[in-house]
Amino acid sequence: MGMILGKISVETPKYEVVQSSADYEIRKYSPSVVAEVTYDPSQFKGNKDGGFSVLANYIGALGNPQNAKPEKIAMTAPVITKSSGSESEKIAMTAPVVTKGEKNMVTMQFLLPAMYKRAEEAPKPLDERVVIREEGERKYGVVKFAGVATDQVVEEKVENLKKSLERDGHKVIGEFLLARYNPPWTLPAFRTNEVMLPVQ
């Protein structure tokens, strides 16, 4: 019942709030180990969240863990997604149309529990699409919101966050991340989402 009403009962990443304003928080995140998969949504019938099952299989959330130990790994929140085509701009139509493979790639990450301090401590994935890597300390401008994180809502939040950060003299140094804390069956009004922009 708690999950339907948005209760987050799993481990979440450790961070320190460096600055807080009406529009956003600047957070410094501790180093962590992540499991990630990068894919073109067309591999999953156009589903942008298609990588979820690949990562869930790795940790054993959907049955037997698909890792070399095999070891069940606790689910954490949030699930993080990053789209490479997110900075799209409208360009006048020309011919011919050239398609680059990189454009619509999505990277989805699960943060592994804090007990894993280094990438090599995490069980080795059996699926070669799953990459385990370490993320060092990092700083993000973050804005939290409820509801369904549709592309349009996310784009709007990122735009506003970017403007607020730049207005206050923060330098944005990369693509945004979308962090979703709840399973799909959580009622939209109770969902916790965040957009995160890396800042210097």
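Every value quoted in this text rests on a predicted model; they were computed, and no experiment measured them. (Residues numbered from 1 in each chain as written. Predicted model: local features only at pLDDT ≥ 70, side-chain atom pairs only at ≥ 80, totals over all residues. Heavy atoms only, no water.)

## Some remarks on unusual backbone geometry
Move 1: Residue Lys-69 is joined to Pro-70 through a cis peptide bond whose omega torsion reads -20°.
Move 2: As for its placement among the helices and strands, Pro-70 is situated in the loop between helix H1 (51-59) and strand E4 (79-83).
Move 3: A cis amide bond links Ala-77 with the next residue in sequence, Pro-78, at an omega value of 0°.
Move 4: Within the secondary structure, Pro-78 sits in the loop between H1 and E4. (Helix = DSSP H or I, 4+ residues; strand = E, 2+ residues; numbered from the N terminus.)

## Overview of helix H2 (residues 151-167)
Move 1: The end-to-end C-alpha distance of H2 is 24 Å, a good match for the 24 Å that 17 residues give at a rise of 1.5 Å each.
Move 2: Of all the positions in H2, only Val-154, Val-158, Leu-161, Lys-162, Ser-164 and Leu-165 are classed as buried. Each buried residue of H2 lies within a common arc of 170° when the element is viewed along its axis, so the set occupies one face. Across from the buried face of H2, at angles greater than 90 degrees, the exposed residues are Gln-152, Glu-155, Lys-163 and Arg-167.
Move 3: Among the structural elements, strand E2 (25-29), strand E7 (138-145), strand E8 (177-180) and strand E9 (193-198) are those in contact with the buried residues of H2. (Expected span 1.5 Å × (residues − 1). Buried < 20%, exposed > 50% of the residue type's maximum accessible area, 1.4 Å probe, protein only. Arc of directions from axis to C-beta. Contact = heavy atoms within 4.5 Å.)

## A closer look at the packing of aromatic side chains
Move 1: Per the counting criterion, the structure on display carries four aromatic pairs.
Move 2: Centroid distance Tyr-15 to Tyr-29: 5.1 Å. Interplanar angle 45°. Geometry classified as tilted. With Tyr-15 in strand E1 (residues 15-20) and Tyr-29 in strand E2, this pair connects stretches of sequence that are 14 residues apart.
Move 3: For the pair Tyr-29 and Tyr-140, a centre-to-centre distance of 5.7 Å together with 75° between the ring planes defines the contact as edge-to-face. Within this pair, whereas Tyr-29 is found in strand E2, its partner Tyr-140 is found in strand E7, the two being separated by 111 residues in sequence.
Move 4: A relative accessible area of 4% places Tyr-29 in the buried class.
Move 5: Its end group placed over the ring of Tyr-15, Arg-27 keeps NZ or CZ at 4.2 Å from the ring centre. (Phe/Tyr/Trp six-rings, centres within 6.5 Å; stacked < 30°, edge-to-face > 60°. Lys NZ or Arg CZ within 6 Å of the ring centre and 35° of its normal.)

## Regarding the domain arrangement of the protein chain
Move 1: Per the domain assignment, the segments making up the protein chain are domain 1 (1-30 + 137-199) and domain 2 (32-136).
Move 2: Counting residues at the interface gives 17 residues for domain 1, matched by 21 residues for domain 2.
Move 3: Summed over both sides, the interface between domain 1 and domain 2 buries roughly 1700 Å², with carbon and sulfur atoms accounting for 47% of that surface.
Move 4: The three residues of domain 1 that bury the most area against domain 2 are Glu-11, Glu-175 and Arg-180, which together make up 35% of that side's buried surface.
Move 5: Measuring nitrogen to oxygen at the nearest pair gives 3.0 Å for the salt bridge that ties Arg-138 to Glu-135. (Domains from an automatic or database assignment. Buried area = accessible area lost by both parts, 1.4 Å probe. Salt bridge = Lys/Arg side-chain N within 4 Å of Asp/Glu carboxyl O.)

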